[in-house]
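# Structural overview for review
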Amino acid sequence: AKEEEHAHDESVVVDLAAALMTGPMARLNKKIKDFEDGFWVLSCKGSEGHAAGVNIGFAYKLECFASKRAAASNEEPEDSMFLQGATVKFVQGTVFKVQTTNELNKKGTANMMSTNSEKEAAEWMGAMELVPDVTVDWVGKDGTELAH
């Protein structure tokens, strides 16, 4: 019966067409020092309720799913992060860092992300640049700027 309730609750629907960006991306797992693949969705979520003690009506979230099918079929994300106040910085090649704040997240964390190509990295960073209160730095650690 609980699943049926969620089927009619439109606030839990992940509308891939309405997302700012979707696609495969890997995040560095610091424990195993290796990148883990996932299907990521950057979207504006409504009716999130409370996060870190703050009452919010909507917020931009980056969510990780096991697959595109999992994202499209309303499965719970494996992980997610609010982008409120985040800093996104190009590192090198296909790698960029998303530094979240504790404004809506439990704590601020540095997430090293990697895509399949520099073009994809630029597309993800460009999508994040559209999010209010997110700062994007296109210059990498060696002074090279990511083409965008």
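Above: the structure in question.
Residues numbered from 1 in each chain as written. Predicted model: local features only at pLDDT ≥ 70, side-chain atom pairs only at ≥ 80, totals over all residues. Heavy atoms only, no water.

All right, on to the overall build of the protein then. What the protein contains, in helices and strands, is 3 helices and 8 strands. Of the regular secondary structure in the protein, the N- to C-terminal order runs α-β-β-β-α-β-β-β-β-α-β. When each of the 148 residues of the protein is scored for burial, the buried share is 37%. Of the contacts formed within the protein by residues at least 6 apart in sequence, a portion of 46% connects residues at least 24 apart. Accessible surface for the protein amounts to roughly 8,700 Å². Of this, 48% is attributable to carbon and sulfur atoms. (Helix = DSSP H or I, 4+ residues; strand = E, 2+ residues; numbered from the N terminus. Buried < 20%, exposed > 50% of the residue type's maximum accessible area, 1.4 Å probe, protein only. Contact = heavy atoms within 4.5 Å. Areas by Shrake-Rupley, 256 points an atom, 1.4 Å probe, with all protein chains shown as cover.)

Let's shift gears to a positive patch on the surface. A cluster of basic residues, K30, K31, K97 and K107, forms a positive patch on the protein surface. Inspection of the secondary structure assignment puts K97 in strand β6 (residues 95–99). (Patch = residues over 30% accessible without salt bridge, like charges linked within 9 Å, V, L, I, M, F, W, Y side chains within 5 Å. Salt bridge = Lys/Arg side-chain N within 4 Å of Asp/Glu carboxyl O. Lys, Arg positive; Asp, Glu negative; His and termini not counted. Charge placed at Lys NZ, Arg CZ, Asp CG, Glu CD.)

Our next topic: the side chain of N105. Tracing the sequence through the fold places N105 in the loop between β6 and β7 (110–114). Looking at N105, the relative accessible area reads 9%, which means it is buried. Looking at N105, its side chain comes within polar contact range of the main-chain nitrogen of F82, at 2.8 Å. (Polar contact = N/O pair within 3.5 Å; in protein donor to acceptor, adjacent residues only side chain to side chain.)

In the structure shown here, the tally under the stated rule is 3 salt bridges. Between D137 and K89 there is a salt bridge, with its nearest N and O atoms 3.1 Å apart. Here K89 lies in strand β5 (residues 87–92) and D137 lies in strand β8 (residues 135–137), a separation of 48 residues in the sequence. According to the relative accessible area criterion, K89 is partly exposed, its value standing at 28%.

A word on the nonpolar core. Counting 25 residues, the largest nonpolar core has L42, L83, F96, W124 and M128 as the members making the most contacts within it. Taken together, the elements giving at least two residues each to this core come down to β1 (21–29), β2 (34–51), β3 (54–65), β5, β6 and α3 (118–129). No other element matches the 6 residues that α3 contributes to this core. Excluding its chain neighbours within four sequence positions, the residues that come into contact with M128 are L42, L62, L83, V88, F96, V98, V134 and V136. Residues L16, F39, V41 and A71 belong to the second largest nonpolar core, which totals 7 residues. (Core = buried A, V, L, I, M, F, W, Y, C linked by side-chain atoms within 4.5 Å.)

Two elements, β5 and β6, share 5 bridges in a ladder whose sense is antiparallel. Counterpart to V88 in the pairing with β6 is V98. Once β5 ends, the chain turns through 2 residues before running back antiparallel as β6, passing G93 with a positive phi of about 55 degrees. With 5 bridges connecting them, β6 and β7 associate as antiparallel partners. Considered in β7, the bridge of V95 is made with S114. (Pairing = 2+ DSSP bridges.)

Interpretation note: all reported values are geometric properties and have no functional meaning in isolation.
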